[in-house]
Amino acid sequence: MVNGTERLVGLRMREVTLRRGRWRKPALIVSGCVWIVLAVVVCRIFLGGTDGCYTNSITHAESYQQIYQYYMELLEKQDKNVLKDSDAMNAKMGGENTSGGNVQYATASVDSNAQTYVSINQRETGVGEADAIITDGKYIYEMVQKETENSWGDLPCIHILKPEGKQTKEILKFQLPVPKDENGSTGLSSNAKWLAYRTAALYVYQDILVVAEELHRSVVAEELQGTLEWDVKTAVYFYDISDIRHPKELRHVLQNGSYNTLREYQGVLYLVTQRWNVPVTAMKEKNKERYVPWLDGELLGTDNIILPEDAQGNAYTMVSTWKLQKNVKKIGAKAVIGLYPGVYMTENNLYLSTTLYADIAKQEKNDHSRILRFKLDGGKLVENKTVVMPGSFANSFAIQERKDKLYVVTQIIHYAYEQDAKGEAGYESGQNYVSNTEICAYVFDDALEMISKCGNIAENEDVKAVRLLEDVGYVVSYEQTDPLISIDFSDPKKLKVMDELKMPGFSTYLHPVGDNLLLGIGTTDDAQNEHIKIALYDISDNENLRIFDEKLIEDMENSSVEYDYKGVFIDGDNSIVGFGGMTYDEKYLDDPEKKAYRNTYVLYRYSRDGKLEQVGDYAVETGSSGMVGMRIGSWFYIIPYGHADVSDMVIVPYP
């Protein structure tokens, strides 16, 4: 368990403490600043007041010079080393951090050549998602990077396999090319080249295979007097696979920043990247490609760059949209200054979210979170609304769209400040610490105006999982009582807590599985002997929650389920759930001096009559970075990430 001081230290390590100095010239602009500040204060009072929630308009950058000035003023507020360290920590917090939420299962059959199959776990029905291993029922596609001593210098390979049970075989393997910019060059200059490649994700839409990878290279910057500056881009390749044995590249694109996610809806692809290391320490205004969002060799226009008045950090987040057809076309692109790692997409909207960390110098009492909403118009991202609220999201599934309303759950960490030279707790004057925490639920209308708030759902508890359904929300917290909490959303104007089920351990992933049952995957709370457990909760009466059944998986100590919901296999038609995990134990290796691990994949059948029944327990000999399970026809395939050889797979009859 984590005490208040330890939690504060962890949060402060993640803090982007840099704030934007809004105005760069005195005279007329000073008076403008006063009016803007007053407007913000009025918004806070009348659009949220004591609740701390407020909506405001989406503001764009007026010029590239304004963006440059924003980044340069970061240096006036922070030491360069602190800037570098905070951004490195934020990079670790980026990407698809997801657990819990409204994940759906899907059983599909594409055409006469495809078998019935279960697709990967998806956040929203109808919104496709990418992964490193996927299937379309006809083939299995995997993105693999060779494991060598210099693996970061090896281009990823695409492996395509024909799934035929024990007769499964690889039919094609090809290496990705080195991407070129619009001038046919592979580097920004003669002294720059691609140094490293990272596998990212695959997606298949009809006869088009989409491949995304990260590329890292170093650039010798004159401003740094010969030292290196890292440049990261995401390359996306589009292949025509109508002739599966002879894929034809349609085009590829380069987008600035690290890969976050790929989503697809009605034949439109949405690519989200984040540049978290804008090189402000060596920036000149003329080098616009270093601080202005960049796509396929072109700088975004300022009308497509959002610069929030409370932007933080030397980062930006970028979204581009592409029409998936034989002549792949760009539809549009938007960018927002700041790190927005949270991505949630429905059939109607795309939401980006970020944490606005408390300003210690101003003795702000808690962090806030901002949500940016874009309406989807055939791939055109229409900037719509933005809202700020107290607290931070445990994961992206703490945001859920329901018809014309938005449900949100945050955890608010309240800070206190020592005013004396030496406080009772031993803190120096002005230093902050955690006084208490609370979990809150919100409902917003279509204009993102707050309808209601339910505070103090749980005090001094950490959110571990969230699941927001039609009229009920479920939250799992952990610190003292470790409850499963049910929240009544049936009356959006009056939220209320219905029940708290106290239980040992906690779930980090929740999934409704029909018959008024909620599935939970998590861990025990025994620090000396931690194990993964699976639980089945009875939610037929949300005012009287109970554990219907639970099983301890003794040979699994940890699992990727906590941060990767796509690693969970859900077959709703047959009531089966599956996932992989790992245990460390020297007995599994001949050489006890080596760090031993054993990978396991389990399948459970759930039902109100039979409760939880294990129907599969499989040892996976290769790989240690997770695995994916998929059903194709009457066979079940367990594939370790990064290993496409059939010999590395576990292929068994589907139970």
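Predicted model only: the values in this text are computed from it and were never measured.

(A) Region of interest: the nonpolar core. Residues Y71, V210, F238, Y259, L262, Y291 and I337 are the most contacted members of the largest nonpolar core, which totals 39 residues. At the level of secondary structure, the elements contributing two or more residues to this core comprise α3 (64–77), β9 (193–205), β10 (208–220), β11 (228–240), β13 (258–265), β14 (268–275), β18 (316–323) and β19 (329–337). With 5 residues, the single largest contributor to this core is α3. Apart from the residues lying within four places of it in its own chain, the contact partners of Y259 are A130, A200, A201, A212, E214, T234, L271, V272 and T273.

(B) Seen up close, the sheet that holds strand β27 (residues 450–454). Judged by pairing direction, the sheet is antiparallel, and its 4 strands sit side by side in the order β24-β25-β26-β27 without closing on themselves. The outermost strands of the open sheet, each flanked by one partner alone, are β24 (399–402) and β27. Direction aside, the axes of adjacent strands within the sheet are offset by 30° on average. Bridge count between strand β26 (residues 432–444) and β27: 4 bridges; the pairing is antiparallel. The partner of Y442 across the bridge, within β27, is K453.

(C) Region of interest: the pattern of salt bridges. According to the stated counting rule, one finds 16 salt bridges in the structure shown. A salt bridge links E164 to K169, with the shortest nitrogen-to-oxygen separation between them at 3.2 Å. Given the relative accessible area of 36%, E164 is considered partly exposed. Its salt-bridge partner being K533, residue E550 comes within 3.2 Å of it at the nearest N-O pair.

(D) Summary view of the confidence of the model for the protein. Residue-level pLDDT values for the protein average 80, and 75% of them are 70 or greater. In the predicted structure, residues 1–50 sits below a pLDDT of 50 and forms 87 contacts with residues beyond four places in sequence or in another chain. In the predicted structure, residues 420–429 sits below a pLDDT of 50 and forms 15 contacts with residues beyond four places in sequence or in another chain.

(E) Highlighting the pairing of strand β22 (residues 368–377). Among the 10 residues in β22, 8 count as buried, and that is most of the element. The pairing of strand β21 (residues 349–356) with β22 spans 8 bridges and is classified as antiparallel. Following the sheet pairing, T355 is matched in β22 by S369. In the sheet, β22 pairs with strand β23 (residues 380–390) via 10 bridges, with the strands oriented antiparallel.

(F) Inspection of the sheet that holds strand β4 (residues 128–129) at higher detail. Here we have 6 strands laid out as an open sheet, ordered β4-β13-β14-β18-β19-β17, and mixed in their pairing. Only two strands of the sheet have a single partner each, and these edge strands are β4 and β17 (305–306). Direction of pairing for β18 relative to β19: antiparallel, over a ladder of 8 bridges. Residue pairing for β19: T321 is matched across the bridge by G332.

(G) Geometry of the pairing of strand β32 (residues 506–512). The buried count for β32 comes to 6 of 7 residues, which makes it a mostly enclosed element. In this sheet, strand β33 (residues 517–523) lies alongside β32 in antiparallel orientation, the contact comprising 6 bridges. By the bridge assignment for β33, H511 is matched with L519. Between the end of β32 and the start of β33, which pair antiparallel, lie 4 residues, with G514 showing a positive phi angle near 85°.

(H) Fine view of the packing of aromatic side chains. Tallying each qualifying case throughout the model produces 15 aromatic pairs. Ring geometry for Y70 and Y71: centres 4.9 Å apart, planes at 65°, overall edge-to-face. The two residues Y70 and Y71 agree in class, both being buried. Their ring planes at 90° and their centres at 4.9 Å tell us that F397 and Y565 sit as a pair that is edge-to-face. On the criterion of sequence distance, the pair formed by F397 in the loop between β23 and β24 and Y565 in the loop between β35 (546–553) and β36 (569–571) is long-range, its members being 168 residues apart. According to the relative accessible area criterion, Y565 is buried, its value standing at 1%. In textbook terms, an aromatic cluster arises when at least three aromatic residues are bridged by ring pairs, as seen for F569, Y601, F636 and Y654. Here K233 stacks its cationic end above the ring of W294, 4.6 Å away from the centre of that ring. R608 extends its terminal NZ or CZ atom over the ring of F548, reaching a point 5.3 Å from the ring centre.

(I) A look at the state of the cysteines. Applying the stated criterion to the full structure yields 0 disulfides. Here C440 stays free of any disulfide, with the sulfur of C454 as its closest cysteine sulfur at 7.7 Å. On the basis of relative accessibility, which here comes to 11%, the residue C454 falls in the buried class.

(J) Structural context of the side chain of D488. Summarising the element assignment, D488 is placed in strand β30 (residues 483–488). It turns out D488 is buried and unbridged, and the closest side chain with the opposite charge, K496, is 4.2 Å from it. Within the structure, the side chain of D488 is placed 2.6 Å from the side chain of S490, a separation counted as a polar contact. Residue contacts for D488: discarding those within four places in its chain leaves D471, K494, L495, K496 and M498.

(K) Broad picture of the environment of N558. Note that N558 resides in the loop between β35 and β36. Note on N558: relative accessible area 33%, which makes it partly exposed. Along the primary structure N558 and H531 are separated by 27 residues, whereas in three dimensions their C-alpha atoms are 6.8 Å apart. Residue contacts for N558: discarding those within four places in its chain leaves I532, G581, M582 and Y584.

Thresholds, definitions, all that
Residues numbered from 1 in each chain as written. Predicted model: local features only at pLDDT ≥ 70, side-chain atom pairs only at ≥ 80, totals over all residues. Heavy atoms only, no water. Core = buried A, V, L, I, M, F, W, Y, C linked by side-chain atoms within 4.5 Å. Buried < 20%, exposed > 50% of the residue type's maximum accessible area, 1.4 Å probe, protein only. Helix = DSSP H or I, 4+ residues; strand = E, 2+ residues; numbered from the N terminus. Contact = heavy atoms within 4.5 Å. Pairing = 2+ DSSP bridges. Axes fitted to C-alpha atoms, helices over the stretch in contact; angles between N-to-C directions. Salt bridge = Lys/Arg side-chain N within 4 Å of Asp/Glu carboxyl O. pLDDT = per-residue confidence, 0-100. Phe/Tyr/Trp six-rings, centres within 6.5 Å; stacked < 30°, edge-to-face > 60°. Lys NZ or Arg CZ within 6 Å of the ring centre and 35° of its normal. Disulfide = S-S within 2.5 Å. Lys, Arg positive; Asp, Glu negative; His and termini not counted. Polar contact = N/O pair within 3.5 Å; in protein donor to acceptor, adjacent residues only side chain to side chain.

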